[in-house]
Amino acid sequence: HLDYLASRDGASNADKAKLFSLASHSKELFEIVKRICTKDLKCGVGVSLVNTVVADTVFEIPYCRCSTDKKIGNIRYPAFVQEKADGLFCNCIISEMGEITFLTRDGKELLQLDNLRNAIYNFLPSKYYGNVLQGELRIRHDGKLLSRQEGNGIFTSCQFGTADQAMADKAVLCLWNIVNINDFWVYQETSVPYVEAFKKIGEIAAILGPAHCVELVKTKVVYTYEEAWEFYLMI
């Protein structure tokens, strides 16, 4: 019955009643089914620990973190300094066939972004297929970007298909990275230097542009830590 429910977009009251009946044979079974349905095992460990014990048991969406103060010593100059776009992190996955999926940092699919999807699909040349575009999703309304709280509230609703469609249609993808789709799915550290990746997303942003809901994150090459701070203070 769980397999049946998983194959459907929703569940009727009859479906729920049947699940309740099947799961009520014992207290333990009911608890297990409840945890399956809420996707919360509540067993005191995280995905990373499970995969450390038995590799590739649970899929964990890859995430490329930005640098923090603790990583300052790893930076070699000249270096890229970029604005931290204040939105929702997004993996825009473009298959080899041009199919487009939007995933959050923890792997939840974002629905209702057809306007953005169609813009990318209709205007992005096929030579860029087979990649994952990484960036921040924001909402531009009446010429202004909404705050993180307002914008992310809309995108949270998009996970359930309950967002105001008119607002979801105003989504803008602010790009800062591109990763080969094969490297992405197998956690492979890419061999492509960031200078090449940034050049490629610059090309994509130039092709699509704000008219097609895609922008490039504000970026500058700096030669000292002090220059990086100047950039930060300016934005």
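Quick caveat: nothing in here was measured; it's all calculated off a predicted structure. (Residues numbered from 1 in each chain as written. Predicted model: local features only at pLDDT ≥ 70, side-chain atom pairs only at ≥ 80, totals over all residues. Heavy atoms only, no water.)

Let's talk about the environment of H141
1) Next: Tracing the backbone through its elements, the reader meets H141 in strand 4 (residues 131-141).
2) Next: In this structure the C-alpha to C-alpha distance between H141 and F30, which are 111 residues apart in sequence, comes to 46 Å.
3) Next: Once you skip the residues sitting within four places of it in the chain, H141 turns out to touch L146, M167 and K170. (Helix = DSSP H or I, 4+ residues; strand = E, 2+ residues; numbered from the N terminus. Contact = heavy atoms within 4.5 Å.)

Considering unusual backbone geometry
1) Next: Of the consecutive residues Y77 and P78, the connecting peptide bond is found in the cis state with omega at 5°.
2) Next: Mapped onto the elements of the fold, P78 is located in the loop between helix 4 (47-53) and strand 1 (79-82).
3) Next: Its identity as a non-glycine residue notwithstanding, D56 has a phi of 60°, on the positive side.
4) Next: Tracing the sequence through the fold places D56 in the loop between helix 4 and strand 1.
5) Next: Phi is positive for C213, close to 70°, though the residue is something other than glycine.

Remarks on the pairing of strand 3 (residues 100-103)
1) Next: As paired elements, strand 2 (residues 88-94) and strand 3 share 4 bridges and run antiparallel to each other. Bridge pairing in strand 3 links I94 to I100.
2) Next: Hairpin connection of strand 2 to strand 3: 5 residues between the antiparallel strands, including G98 at a positive phi of 90°. (Pairing = 2+ DSSP bridges.)

Observations concerning the layout of surface pockets
1) Next: Computed from the structure, the second largest pocket encloses a volume of approximately 620 Å³.
2) Next: Along its surface, the second largest pocket is lined by 21 residues, and T38, K39, V47, D106 and K108 are the ones closest to its centre.
3) Next: Considered class by class, the residues forming the lining of the second largest pocket number 10 nonpolar, 4 polar and 7 charged. (1 Å grid on protein atoms, 1.4 Å probe; cavity = no way out; pocket = protein on both sides within 12 Å on 5 of 7 lines; lining within 4 Å. Points joined across faces, edges and corners; volume = space filled by probe spheres on them. Nonpolar A, V, L, I, M, F, W, Y, C, P; charged D, E, K, R; others polar.)

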